[in-house]
Every structure is written in structure tokens, then in C-alpha cells.
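Summary of the model geometry
Residues per chain, in single letters:
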Amino acid sequence: MGERVLVVGGGGREHALAWTLACSPRVDAVLVAPGNAGTADEEKCRNVDLAATDIDGIVALARDEEVAMVVVGPEDPLVAGLVDRLDEVGIRAFGPSAAAAQLEGSKSHCKDFLLRHAIPTGDAATFTDADEALAHLAELSAVPVIKASGLAAGKGVIVAETSDEAAAAIRDILVDRCFGDAGDEVLLEERLFGPEVSVLAFCDGTDFQVMPAAQDH
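Read on for a plain summary of the structure. Computed from a prediction, not measured in an experiment: that's the story for all the values here.

**What about the packing of aromatic side chains?**
This model, assessed by the stated rule, comprises one aromatic pair. Note on F94 and F202: the rings are 5.7 Å apart at their centroids and 50 degrees apart in plane angle, and the pair reads as tilted. On the criterion of sequence distance, the pair formed by F94 in strand β5 (residues 93-94) and F202 in strand β10 (residues 201-203) is long-range, its members being 108 residues apart.

**Regarding the packing of helix α8 (residues 130-139) against helix α9 (residues 163-174)**
The geometry of α8 relative to α9 is characterised by a closest axis approach of 10 Å and an angle of 165 degrees between their N-to-C directions. Here α8 lies roughly antiparallel to α9, going by the angle between them. Here the hand of the crossing between α8 and α9 comes out right-handed. Contacts between α8 and α9 involve A130, A133, L134 and L137 from the first element and S163, A166, A167, I170, R171 and L174 from the second. Considered class by class, the residues forming the contact of α8 with α9 number eight nonpolar, one polar and one charged.

**With respect to the side chain of E189**
If you trace the backbone, E189 turns up in strand β9 (residues 186-189). Assessed through its relative accessible area of 10%, E189 is described here as buried. Only 3.3 Å separates the side chain of E189 from the side chain of K147, close enough to count as a polar contact. Other than its neighbours up to four places away in sequence, E189 contacts K111, G122, D123, A124, P144, V145 and K147.

**Description of unusual backbone geometry**
Of the consecutive residues A33 and P34, the connecting peptide bond is found in the cis state with omega at 0 degrees. Along the chain, P34 turns up in strand β2 (residues 27-34). For E66, which is not glycine, the phi torsion reads 50 degrees and is therefore positive. Looking at the secondary structure, you find E66 in the loop between α3 (55-64) and β4 (69-72). Note on E66: relative accessible area 63%, which makes it exposed. The backbone phi angle of R177 is positive, close to 60 degrees, even though this residue is not glycine. Considering the arrangement of structural elements, one finds R177 in the loop between α9 and β9.

**Overview of the packing of helix α6 (residues 98-105) against helix α7 (residues 107-116)**
It is at 6 Å that the axes of α6 and α7 come closest, and there the two elements cross at 100 degrees. Judged on the interaxial angle alone, α7 and α6 are roughly perpendicular. Every residue of α7 that contacts α6 at Q102, L103 and G105 is listed here: K107, H109, C110 and F113. By residue class, the composition of the contact of α6 with α7 is three nonpolar, three polar and one charged.

The rules behind the values
- Residues numbered from 1 in each chain as written.
- Predicted model: local features only at pLDDT ≥ 70, side-chain atom pairs only at ≥ 80, totals over all residues.
- Heavy atoms only, no water.
- Phe/Tyr/Trp six-rings, centres within 6.5 Å; stacked < 30°, edge-to-face > 60°.
- Helix = DSSP H or I, 4+ residues; strand = E, 2+ residues; numbered from the N terminus.
- Axes fitted to C-alpha atoms, helices over the stretch in contact; angles between N-to-C directions.
- Parallel < 35°, antiparallel > 145°, perpendicular 65-115°, else oblique.
- Left-handed = near helix turned anticlockwise from the far one by under 90°.
- Contact = heavy atoms within 4.5 Å.
- Nonpolar A, V, L, I, M, F, W, Y, C, P; charged D, E, K, R; others polar.
- Buried < 20%, exposed > 50% of the residue type's maximum accessible area, 1.4 Å probe, protein only.
- Polar contact = N/O pair within 3.5 Å; in protein donor to acceptor, adjacent residues only side chain to side chain.

It is worth stressing that arrangement in space is one thing and function is another; only the former is reported here.
Given below as C-alpha cells:
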């Protein structure tokens, strides 16, 4: 008998993960919470009507189904500590702890981490007060990128072309709260020019393997 695996999430990324896991002869069934129309049609896959952010529900499902491993796709449950909760009950999980997930969950935390470890990064300043952010903007010689510090479903970065656009973005985030709690802090970050590339790595806490470079278009 093979093993059951649980994939948390409902996007295209989770579809790819579920399909790949289902191809393994070591896997009998892949549960996907909540899954999507694509995962519903995959052989050996079964959708479970459970939100990815329902931490208690995900842990209970993993225990009830006696899954061998939980693979977490989205950022929100990682930042909320899903992997930590699974570890507490002895269930293996693929994904970072809540502390490690803060590198993505908080842009200001990530910026501090990069600076602390001398990892090259653009200059930036973090603010919680709109007037202070606007005063800093007025002192800059170049228009910065405006970033909501928290998770904003990939929408929290405004590439302003003018100072007026940057000022409007600051007000939208800190005053009008267009990104909710994700905009508790805002970064005014040096704009870098050139092609963008992503380099991902898998890490077990000690060793790591770097994947080939990839690029969004």
C-alpha cells in the first residue's frame, strides 16, 4: 500500500504539486484542500472543501486521514504557522516554519535580514506614518517603489513613475488601507532596473539545492 499526501492550496501551483505527487508509485492518494477544478479531474486526487487558512481544520484532516506528509503551497498558512502546528503533532510537512516564512510575510523583516547578513539589496526605508513617509519621499532624488510590507496576494507593490504617483500610493496604503493589515507598514525602496529573475532553492535546514533560474513574463 502506498501513502496518502495532503496538498494545501487551490491554485495552479497546487495543481502542479498534486499532479506530480500523484505520479509517484509511492503515493496512493493525494488530498487537496481546497483544490480546484483541475485537481478534481486528476487521477488519485481528491478535493477537500477546506480553506488553506483553516489551520485547525488542516491539522485535523491530516490526522484523521493519516497522511504521510503535508505539502503547503500558499504563503498565508505558512506565515500563520501551519508547519509549526503540524510538527507539534508529529506530521511531516514540506514548507518553512512561521519564523522562516516571515522573509516573505514581511518585506520590512526581509529587508532587515538582508542588511544584517550583507546580502545585496536596494536601499529602503520603512514607515507606519503617512506624513513621515511623504516627508522622506520629498527628500529622495529618485522616485522609489512603494511596497506594502505584508502579504497582499501579489498586489502590494506599486512601481511609481512620478513623485505624485508615489505619494498617492503611500496614502492609498497607509491612510485608505487599500491592502488592509498588509499595509500596516510601507517601504519606500530604491527602484532597480534590468531584467527580473527568480532563483529558488530547497532547504532542509542544513543543506540546500538551487533550482534553475526562472522568469515571469
